[in-house]
Amino acid sequence: MRRRLTDAGRTTAARIRLLRLLSRAGLAATGTLVTLQLVRAVVPTAQALSVGHLVAVFGAGHSDRRVLVAAALVAGLFLIDHAVWLVLTAVRTLVVKRVDGRLRAEVRAIAVNLPGLDHLEGRSFQDRASRVVDGGMGLGRDRSAGSAAAGQLELVFRMLSAFAAAALLATFLPTLAFGLLLVSLLIRAMLRRQWMRIIDLLDADTAGQRKEYYLSEQAVIGAAKDVRLFGLSGWFGGRVRATATRTYAPVYREMLAVLRRQWWTALLAVGSATAALTVPAVAVLSGSLDPAQLITFVLAAWGVMSISSVGMEAYDIEYGLRGVEAADELTAEYGTGAAGAAGREAPSPTPTPPTVRFEDVVFTYPGTSAPVLDGLTVTLRPGETVAVVGENGVGKTTFVKLLGGLYRPDSGRITVDGVDLAALDLPAWRRRLAVLFGDFVRYPASLRENVTFAAPHLAGDDAVRDALDRAGGTRLLAELADGLDTSLWSEGTDGTGLSGGQWQRVALARVLFAVAAGGRVLVLDEPTAHLDVRAEAEFHQRVVSRVHNTTTVLISHRLSTVRPADRIILLRAGRVAEDGSHDELMALGGDYARFFTVQAEAFTVEAR
Ligand SMILES: Nc1ncnc2c1ncn2[C@@H]1O[C@H](COP(=O)(O)OP(=O)(O)OP(=O)(O)O)[C@@H](O)[C@H]1O
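Per-chain numbering applies: the sequence of each chain, read as written, is numbered from 1 onward. Thresholds applied to this predicted model are a pLDDT of at least 70 for local features of residues and 80 or more for the giving and counting of side-chain atom pairs; totals over whole chains, interfaces and linings are not thresholded and use all residues. Here the side-chain values reflect all heavy atoms present in the structure, with hydrogen atoms and water set aside.

**Side note on the overall build of the chain**
For step 1, the next point in the chain: Along its length, the chain carries 26 helices and twelve strands.
For step 2, the next point in the chain: Partly exposed describes any residue whose relative accessible area lies between the buried limit of under 20% and the exposed limit of over 50%, with all areas from a 1.4 Å probe on protein chains only and scaled to the type maximum. Per-residue burial for the chain yields a buried fraction of 44% across its 608 residues.
For step 3, the next point in the chain: In what follows, residue pairs with any heavy atoms lying within 4.5 Å of each other are defined as contacts. Excluding contacts between residues fewer than 6 apart, the proportion of contacts in the chain whose partners are at least 24 apart in sequence is 76%.
For step 4, the next point in the chain: Areas reported here follow the Shrake-Rupley algorithm with a probe of radius 1.4 Å; residue values treat only the protein chains shown as occluding. When the accessible surface of the chain is summed, it comes to about 31000 Å², and 60% of that surface belongs to carbon and sulfur atoms. A helix here means a DSSP run of H or I that spans at least four residues, while a strand means a run of E at least two residues long, and both kinds are numbered starting from the N terminus.

**Topic: unusual backbone geometry**
For step 1, the next point in the chain: A positive phi is found at Asn 549, a non-glycine position, where the angle reads about 55°.
For step 2, the next point in the chain: Tracing the backbone through its elements, the reader meets Asn 549 in the loop between helix H23 (533-542) and strand S10 (551-555).
For step 3, the next point in the chain: Of note in the backbone geometry, Ala 573 takes a positive phi value of approximately 55° without being a glycine.

**Things to note about the site of the ligand**
For step 1, the next point in the chain: Residues are classed as near a molecule or strand on a simple rule: at least one heavy atom within 4 Å of it. The local shell around the ligand holds 15 residues, among which Gly 393, Lys 396, Thr 397, Thr 398 and His 557 are the closest.
For step 2, the next point in the chain: Whenever a nitrogen or oxygen atom comes within 3.5 Å of another N or O atom, the pair is scored as a polar contact, on the condition that within protein one atom can donate a hydrogen and the other can accept it, and that pairs from neighbouring residues in sequence are kept only if both atoms are in side chains. Residue Asn 392 places a side-chain N or O atom 2.9 Å away from an oxygen atom belonging to the ligand.
For step 3, the next point in the chain: His 557 places a polar side-chain atom, nitrogen or oxygen, 2.7 Å from an oxygen atom of the ligand.
For step 4, the next point in the chain: Protein contacts shield 63% of the accessible area of the ligand, which totals 630 Å² for the unbound molecule.

**Quick notes on the pairing of strand S5 (residues 385-389)**
For step 1, the next point in the chain: Counting buried positions over the five residues of S5 gives five, a clear majority of the element.
For step 2, the next point in the chain: By the alternation rule, side chains of S5 split into Thr 385, Ala 387 and Val 389 and Val 386 and Val 388, which are all buried.
For step 3, the next point in the chain: As judged from the four bridges shared by S5 and S10, these two strands associate in the parallel manner. Within S10, the residue paired with Ala 387 across the bridge is Leu 554.
For step 4, the next point in the chain: With four bridges joining them, S5 and strand S11 (residues 567-572) adopt parallel strand pairing. Looking at the pairing, Val 388 lines up with Ile 569 of S11. One bridge is not enough; two strands pair if DSSP finds at least two bridges between them.

**Things to note about the environment of Leu 201**
For step 1, the next point in the chain: Structurally, Leu 201 can be placed in helix H8 (residues 197-204).
For step 2, the next point in the chain: Placed 169 residues apart in sequence, Leu 201 and Thr 32 show a C-alpha to C-alpha distance of 35 Å.
For step 3, the next point in the chain: With residues near it in sequence (within four places) discarded, Leu 201 still touches Pro 250, Val 251 and Glu 254.

**Let's talk about the pattern of salt bridges**
For step 1, the next point in the chain: Salt bridge criterion: a side-chain nitrogen from Lys or Arg within 4 Å of a carboxyl oxygen from Asp or Glu. Applying the stated criterion across every chain, the model contains 26 salt bridges.
For step 2, the next point in the chain: Glu 333 is the partner of Arg 128 in a salt bridge, and the nearest nitrogen-oxygen pair spans 3.0 Å. Of this pair, Arg 128 sits in helix H5 (residues 123-134) while Glu 333 sits in helix H15 (residues 312-334), and the two are 205 residues apart along the sequence.
For step 3, the next point in the chain: Residue class for Glu 333 comes out partly exposed when judged on its relative accessible area of 47%.
For step 4, the next point in the chain: A salt bridge links Arg 357 to Glu 359; its shortest N-O distance comes to 3.4 Å.
For step 5, the next point in the chain: Here the salt bridges share partners, and the residues they tie into one network are Arg 381, Glu 384, Arg 567 and Asp 579.

**Quick word on a nonpolar patch on the surface**
For step 1, the next point in the chain: Together, Leu 38, Val 42 and Leu 160 make up a nonpolar patch on the protein surface, roughly 240 Å² of accessible area in all.
For step 2, the next point in the chain: With respect to the helices and strands, Leu 160 occurs in helix H6 (residues 145-170). Like charges are joined within 9 Å and nonpolar side chains (Val, Leu, Ile, Met, Phe, Trp, Tyr) within 5 Å, but only among residues with over 30% relative accessible area and no salt bridge; these make up the patches.

**Side note on the sheet that holds strand S12 (residues 575-580)**
Two orientations exist for strands paired in a sheet by backbone hydrogen bonds: parallel and antiparallel.
For step 1, the next point in the chain: Here we have six strands laid out as an open sheet, ordered S8-S9-S10-S5-S11-S12, and mixed in their pairing. With one partner strand each, in any of the chains shown, strand S8 (433-436) and S12 form the two edges of the open sheet. Averaged over all adjacent pairs, the angle separating strand axes in this sheet is 15°, with direction ignored.
For step 2, the next point in the chain: One ladder, built from five bridges, connects strand S9 (residues 521-525) with S10; its direction is parallel. By the bridge assignment, Leu 522 is partnered in S10 with Thr 552.
For step 3, the next point in the chain: Sheet contacts for helix H22 (residues 500-516): S8 and S9; angle to S8, the most-contacted strand, approximately 175°. For helices, the axis comes from a line fit to the C-alpha atoms of the stretch in contact; other axes are also lines fit to C-alpha atoms, and the angle between any two N-to-C directions lies between 0 and 180 degrees.

**Some points on the sheet that holds strand S7 (residues 419-420)**
For step 1, the next point in the chain: If you trace the four strands from one edge of the open sheet to the other, you get S4-S3-S6-S7, paired in antiparallel fashion. The sheet is open, and its two borders are formed by strand S4 (373-380) and S7, each paired with just one other strand.
For step 2, the next point in the chain: Both strand S3 (residues 356-363) and S4 contribute to a ladder of six bridges, which runs antiparallel. Bridging from a neighbouring strand, Phe 363 pairs with Leu 373 of S4.
For step 3, the next point in the chain: Helix-sheet contacts for helix H16 (residues 396-403) involve S3, S4 and strand S6 (411-416), and the interaxial angle to S3 is about 115°.

**Remarks on the environment of Val 511**
For step 1, the next point in the chain: The residue Val 511 is located in helix H22 in this model.
For step 2, the next point in the chain: Remark: the alpha-carbon pair of Val 511 and Val 435, spanning 76 residues in sequence, is separated by 6.2 Å.
For step 3, the next point in the chain: Every residue in contact with Val 511, bar those within four places of it in the chain, is listed here: Ala 434, Val 435, Leu 436, Leu 522 and Leu 524.

**Some thoughts on the nonpolar core**
In globular proteins that are soluble, nonpolar side chains generally tend to be buried together.
For step 1, the next point in the chain: Buried residues of nine kinds, namely Ala, Val, Leu, Ile, Met, Phe, Trp, Tyr and Cys, make up a nonpolar core once their side-chain atoms join them within 4.5 Å. In this structure, Leu 508 and Tyr 592 are the most contacted members of the largest nonpolar core, which totals 45 residues.
For step 2, the next point in the chain: With ten residues, H22 is the largest single contributor of residues to this core.
For step 3, the next point in the chain: If we skip the residues at most four places from it in the chain, Tyr 592 touches Val 389, Leu 559, Val 562, Arg 563, Ile 568, Leu 570, Glu 578, His 582, Leu 585 and Met 586.
For step 4, the next point in the chain: Residues Leu 18, Leu 22, Leu 33 and Leu 36 belong to the second largest nonpolar core, which totals 34 residues.

**Brief notes about the packing of H8 against helix H12 (residues 233-260)**
Working note: a packed helix pair is described by the angle between its axes plus the distance between those axes.
For step 1, the next point in the chain: Two elements in contact, H8 and H12, have axes separated by 9 Å at closest approach and are oriented at 170°. The pairing of H8 with H12 is recorded here as roughly antiparallel in orientation. On H12, the residues touching Arg 197, Ile 198, Leu 201 and Leu 202 of H8 are Thr 247, Tyr 248, Pro 250, Val 251, Glu 254 and Met 255.
For step 2, the next point in the chain: Residue classes in the contact of H8 with H12 are distributed as seven nonpolar, one polar and two charged. If an angle is under 35 degrees, it is roughly parallel; if it is over 145, roughly antiparallel; if it lies from 65 to 115, roughly perpendicular; otherwise it is oblique. Residues are grouped as follows: Ala, Val, Leu, Ile, Met, Phe, Trp, Tyr, Cys and Pro are nonpolar; Asp, Glu, Lys and Arg are charged; all remaining types, including Gly, are polar.

**Details of H22**
For step 1, the next point in the chain: The length a helix should cover is 1.5 Å for every residue beyond the first. Taking 1.5 Å of rise per residue, the 17 residues of H22 would be expected to cover 24 Å, and the 24 Å separating its terminal C-alpha atoms lies within 8% of that figure.
For step 2, the next point in the chain: Taken across its 17 residues, H22 has 14 buried, putting it largely inside the fold.
For step 3, the next point in the chain: Positive backbone phi, approximately 120°, marks Gly 518, located one or two places after H22.

This is the structure in structure tokens:
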């Protein structure tokens, strides 16, 4: 019993929450929607009265003019109802889109402003965010938080309409009015309980909800080449069918089960309809009601009983409420997305590179058990070029992510000029970093923007051209029809598609631009992976040696790329295994020397 009451309380609070959500659509749009719903709510009662009035004046043999006016009133109400419905549909769409847009913007703000990646990569964050952002298709209908809010408003006015009809009926038959209202609400509650379980089933299969993703994102755009060359269209089709079957098979089973359980509601509905017709009819026969009143009260009874049906708005509410709850949970857990309280400003806003120390750092990715970094201790001295090498998966990129404050160590600490990174103002620290990740982002934007995104405040095309030149992108710039204005978003704008190597030069230009804007620690993770042999050979001279007054961290499997570095650090088992210049490590005769020899031999064999 107590649980029922708690559920009821939660449901009421959720429904009020939905109504409050409507304010996000703006006063004018929401006000118009409320007004239109109000008109539609009173129309059935007005129709019952007007039809009764028409029958009364017709039966009393009044003049043609009075009959015509009464008939015009009936027709006018039908027309008004229809016209209001049309406008309401359009205004409702506007309100739904606005509410959804606002909620999505809030979730985007939370996601973008989270200081690290650990929450963002978690399954629970992603599921909750996709619930808010994606909305979804429920039983063939677009459903979202916005449609839940509009649906809740619709339900309020459906109730109002039924109560208005009951009030009219109560003027003559109060017991019938009360009884019909009670039974109709009971039927509605029973139906709602039975049918809403279907929304639970739909909601439970998040993998099923993602089935659209395979088609739209992967099969059509993302993996278009692979899908065709490997002939994977059958696999995609099968995958979509399998997820659809997994989602909908239990739904259809439940629908059949609900239909088989309709006896009680059907009996109650038949009983109500019989009472609604026979009680006024008996009153007519006994002479206490005339035929015109009979029509008015039967129509009013009909208006009361209409609330017993579970309309689409009930599904909208139930489905979209999950999105609203998910948004509330995200806000409760991560705040509103406003940038978090700033820590101390990164020390020395001077133009010199800092000393960065990893002190006995242990780090394990959330949701995994084995640490990737396990007692890593290393110092990056101001202005030196340090190469980080090691086998696949040893933790090189993880080292960079921790350097950027995207994750925090489980134990140990990272210091910048002696100050713990955890105590620093992260945005300020990140402005002093320029990081090129191996899986750099190809922004759907112009060439200029792809470079200046690293430091939008540094204006001037000369700096952009200089960064492109250092990254070996001058020829690319000359070839592009619209120069720096060329859109590099080929799918979205008919812009230019670049090759892998050309994109890498653009991404490299972006971080060099960040260095020009004040970045004092440059990190290049696999910067030559897509470059041709000549560009790779020129890389150190063209890029690294021209970067001054900056600490450079270079990660690469191509040991010829890292050879000229001041220091080379080899990671093994999450910590530094070898540390020294190329010559020192070759003399040491450890893993680095072995890897270098193997690569050099392979190169010599290829070159023969
Ligand atoms: N977001 C993540 N969640 C869980 N584990 C991760 C995540 N990112 C990386 N890992 C794991 O951490 C380990 C180190 O990955 P990392 O990318 O740092 O290696 P790497 O040395 O840069 O490898 P490579 O040379 O292949 O680029 C790997 O075992 C990887 O599977």
